[in-house]
Amino acid sequence: MVNVPRLVIAAPASGSGKTTVATGLMRAFADAGLAVSPHKVGPDYIDPGYHALATGRPGRNLDAYMCGPERIAPLFLHGAAGCDLALVEGVMGLYDGASVDSAREALLQGGGGRRAGELASTAHVAKLLKAPVVLVVDASSQSRSVAALVHGFASWDPEVRVAGVILNKVGSDRHEALLREALAESGVPVLGALRRVAAVDTPSRHLGLVPVAERSAAALAAVAAQASQVREGCDLKGLLALAHSAPPLTGPAWDPYVGVASPGSLDRASALDPALRADVPAGPGIQGASGGLHPPRGGAAHRMRPGRGRAGEGTTAARPVVAVAGGPAFTFSYAEHTELLRAAGAEVVTFDPLRDERLPDRTAALVIGGGFPEMYAPELSANEPLREAVADLAERGAPIAAECAGLLYLCRSLDGKPMCGVLPAEARMSGRLTLGYREAVALADNPLAAAGTRVRGHEFHRTVVEPGTGAAPAWGMTHPERRVEGFVQGSVHASYLHTHWAGSPGVAHRFVAGPARR
């Protein structure tokens, strides 16, 4: 058993101030000398960036839909190893879960008898972690009614322990007194009351908060202001005592080295739900790349030096370099992806497509994740040497995995600006938000998955790629609608679908080492 003091910071609805309060608490406790492990429920990439800024540790996601409920506690324990305190920021309202029908939800949860509609919700994760919940309530337009609101959330599910309230956006001392008086009879203690302060606000854009990488100085100031507000308005000793009331967790922590040794875990969804095997979208009769990372064809510049690491301990085999796009334009990535790549035997090197005119030395494969390339289209286009290097890498058959922003970067153009030209498609901004969880099947062998592999992921964008799929689609979407999407072209896999490789650790194994049959 492992004893990790922990709290889940939740709210009745989005916009209540969860991120402000959670980030402020993380920084306040870190400033007090505690090692704080930051976590975020759901697929969001942006909030964990602020969490990392507040704590000095990687922000980690806990997504029960993409990774499976059985992996939530192990992933949590992996991230929280060696820490004094773990804080988990929720998603949307406390009880808001993935939008799937009840039969499918029961299968995805393994028939655990959970409440309908709770899959991947903050409440679901809180139960999986046996963690007390602190409810952040926007009190700006209410007084006594706050007691009824809190009572409802505290009593809705007896398995969820709503153990404290932080009142946010309180107008005055008189307002605070009325709120505290009303809540005195609820049985849920008030652990903080925060005034509205402009300095703690974080700017947003079409997909949420502006990422930390785009506003480092301003982000630092905002996080410092959030911590100051929390120190003044919250009972930190009471919150810490509540965190210590969480019971021990059983079972081992997630281990990326164990994950990459079990590539069969790729097909978890279809194993749970035989019905998902039927009626997949029909794709063209295609022969895709079978995957596997091998140094690109070329000269001595691509020879690998001997490496080390747990996946290759005691060997003299070269560790192939996997270049991972970063910088302000490509900020969307899960910490476990890099860990899985390293566990699979790769040397991971980050580069910035806005600044670097060449790929890292000895690049043998490329990962281009999500982000906001549409905000930097002129700068990305102006870096012609790197665009040519990426196109050359693809031409030489190196594995390339591109998600969302990476897909846009590989197109011929983005909003009329030339991009890498790897894919025969044009990309542009649109006024329509595409958002939600997806289930998909690989329609052909490719660098990430064998044909027939099923994954769960999410889409999150306001852009359009025309055409939306190539002769060989990346995925056949099976839920919530049936369609084909993305591109498999040679050793390139490009798609709008974001996946969490901890839920499908065989992806990293295949990308780096390739299937044994090859």
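Here, every reference points to the structure presented above.
Residues numbered from 1 in each chain as written. Predicted model: local features only at pLDDT ≥ 70, side-chain atom pairs only at ≥ 80, totals over all residues. Heavy atoms only, no water.

S.K.: Run through the overall build of the chain, naming residues and quoting values.
M.R.: Broken down by element type, the chain carries 16 helices and 22 strands. Residues counted as buried form 58% of the 518 residues belonging to the chain. Total accessible area computed for the chain in this model is approximately 19800 Å², and 52% of it derives from carbon and sulfur atoms. (Helix = DSSP H or I, 4+ residues; strand = E, 2+ residues; numbered from the N terminus. Buried < 20%, exposed > 50% of the residue type's maximum accessible area, 1.4 Å probe, protein only. Areas by Shrake-Rupley, 256 points an atom, 1.4 Å probe, with all protein chains shown as cover.)

S.K.: Outline the pattern of salt bridges, listing residues and values.
M.R.: Tallied over the entire structure, the rule returns 21 salt bridges. Close ionic contact of Glu 339 with Arg 60 constitutes a salt bridge, the shortest N to O distance being 2.7 Å. With Glu 339 in helix 12 (residues 335-343) and Arg 60 in strand 3 (residues 60-62), the pair connects residues that are 279 residues apart, well separated along the chain. Looking at Arg 60, the relative accessible area reads 9%, which means it is buried. Glu 426 is the salt-bridge partner of Arg 412, the closest N and O atoms lying 2.8 Å from each other. Taken together, the residues span a long stretch of sequence, with Arg 412 in the loop between helix 15 (405-410) and strand 14 (413-414) and Glu 426 in strand 16 (residues 426-442) at a distance of 14 residues. Exposure remark for Arg 412: the relative accessible area of 42% places this residue in the partly exposed category. A single network of salt bridges, built from pairs that share partners, joins Asp 173, Glu 176, Arg 180 and Arg 195. (Salt bridge = Lys/Arg side-chain N within 4 Å of Asp/Glu carboxyl O.)

S.K.: Residue-level account of the sheet that holds strand 11 (residues 347-351), with values.
M.R.: Across the sheet, 6 strands lie side by side as 11-10-12-13-21-20; this open sheet has mixed pairing. Only two strands of the sheet have a single partner each, and these edge strands are strand 11 and strand 20 (487-489). Each strand axis lies, on average, 15° off the axis of its neighbour in the sheet, ignoring direction. Of the strand pairs in this sheet, strand 10 (residues 321-325) and strand 11 are connected by 5 bridges, and their pairing is parallel. Counterpart to Val 321 in the pairing with strand 11 is Glu 347. (Pairing = 2+ DSSP bridges. Axes fitted to C-alpha atoms, helices over the stretch in contact; angles between N-to-C directions.)

S.K.: Can you lay out the nonpolar core for me, pointing to particular residues and giving the numbers?
M.R.: Phe 76, Leu 94 and Leu 341 are the most contacted members of the largest nonpolar core, which has 103 residues in total. Here Leu 341 is in contact with Val 322, Ala 346, Val 348, Val 367, Trp 501, Ala 508, Phe 511 and Val 512, once residues within four sequence places are set aside. Of all hydrophobic cores here, the second largest spans 37 residues; its members include Phe 330, Leu 366, Ile 400 and Cys 404. (Core = buried A, V, L, I, M, F, W, Y, C linked by side-chain atoms within 4.5 Å. Contact = heavy atoms within 4.5 Å.)

S.K.: Just give me the short version of unusual backbone geometry, but keep the residues and values in it.
M.R.: The residue after Glu 466, namely Pro 467, is reached through a cis peptide bond having omega -5°. Topologically, Pro 467 is positioned in the loop between strand 17 (454-466) and strand 18 (475-479). Omega for the peptide link from His 479 to Pro 480 comes to 5°, which places this bond in the cis form. Summarising the element assignment, Pro 480 is placed in the loop between strand 18 and strand 19 (483-485). In this structure, Ala 120 takes a positive phi of about 70° despite not being glycine. When you line up the elements, Ala 120 lands in the loop between helix 4 (102-108) and helix 5 (122-129).

S.K.: So what's going on with the packing of helix 3 (residues 72-80) against helix 5? Residues and values would help.
M.R.: The geometry of a pair of packed helices is captured by two quantities: the angle between their axes and the separation between those axes. Remark: helix 3 packs on helix 5, axes separated minimally by 9 Å, with the N-to-C direction vectors making an angle of 75°. With respect to helix 5, the element helix 3 is oriented roughly perpendicular. Across the interface between the two elements, Ile 72, Ala 73 and Phe 76 of helix 3 pack against Val 125, Leu 128 and Leu 129 of helix 5. A class-by-class count of the residues in the contact of helix 3 with helix 5 yields 6 nonpolar, no polar and no charged. (Parallel < 35°, antiparallel > 145°, perpendicular 65-115°, else oblique. Nonpolar A, V, L, I, M, F, W, Y, C, P; charged D, E, K, R; others polar.)

S.K.: Residues and numbers for the packing of aromatic side chains, please.
M.R.: Applying the stated criterion across every chain, the model contains 8 aromatic pairs. For the pair Tyr 45 and Tyr 334, a centre-to-centre distance of 4.5 Å together with 25° between the ring planes defines the contact as stacked. With Tyr 45 in the loop between strand 2 (36-41) and helix 2 (46-55) and Tyr 334 in the loop between strand 10 and helix 12, this pair connects stretches of sequence that are 289 residues apart. Under the relative-accessibility criterion, Tyr 45 is labelled buried at 8%. Classification of Tyr 334 as buried rests on a relative accessible area of 2%. (Phe/Tyr/Trp six-rings, centres within 6.5 Å; stacked < 30°, edge-to-face > 60°.)

S.K.: Requested: an account of the sheet that holds strand 1 (residues 6-10), with residues and values cited.
M.R.: Here we have 7 strands laid out as an open sheet, ordered 3-2-4-1-5-6-7, and parallel in their pairing. The outermost strands of the open sheet, each flanked by one partner alone, are strand 3 and strand 7 (190-195). Strand after strand, the sheet turns through a mean of 25° between neighbouring axes, direction not considered. Where strand 1 and strand 5 (residues 133-138) come together, 3 bridges link them in parallel fashion.

S.K.: Can you break down helix 14 (residues 384-395) residue by residue, with the values?
M.R.: Here helix 14 spans 16 Å end to end across 12 residues, near enough to the 16 Å set by a 1.5 Å rise per residue. Buried within helix 14 we find Leu 386, Arg 387, Val 390, Leu 393 and Ala 394. One side of helix 14 carries all its buried residues, which in axial view fall inside an arc of 125°. Backbone geometry just after helix 14 places Gly 397 at a positive phi near 90°. (Expected span 1.5 Å × (residues − 1). Arc of directions from axis to C-beta.)

S.K.: Mind laying out the layout of surface pockets, listing which residues take part and the relevant values?
M.R.: As a volume, the second largest pocket reaches approximately 790 Å³. Around the second largest pocket sit 37 residues that line it, and Phe 330, Thr 331, Phe 332, Ser 333 and Tyr 334 are the ones nearest its centre. Of all elements in the fold, only helix 2, strand 10, helix 12, strand 11, strand 12 (363-368) and strand 13 (400-403) reach the threshold of two or more residues within the lining of the second largest pocket. In terms of residues, the lining of the second largest pocket owes the most to one element, helix 12, which gives 5 residues. For the lining of the second largest pocket, a count of residues per class yields 22 nonpolar, 13 polar and 2 charged. (1 Å grid on protein atoms, 1.4 Å probe; cavity = no way out; pocket = protein on both sides within 12 Å on 5 of 7 lines; lining within 4 Å. Points joined across faces, edges and corners; volume = space filled by probe spheres on them.)

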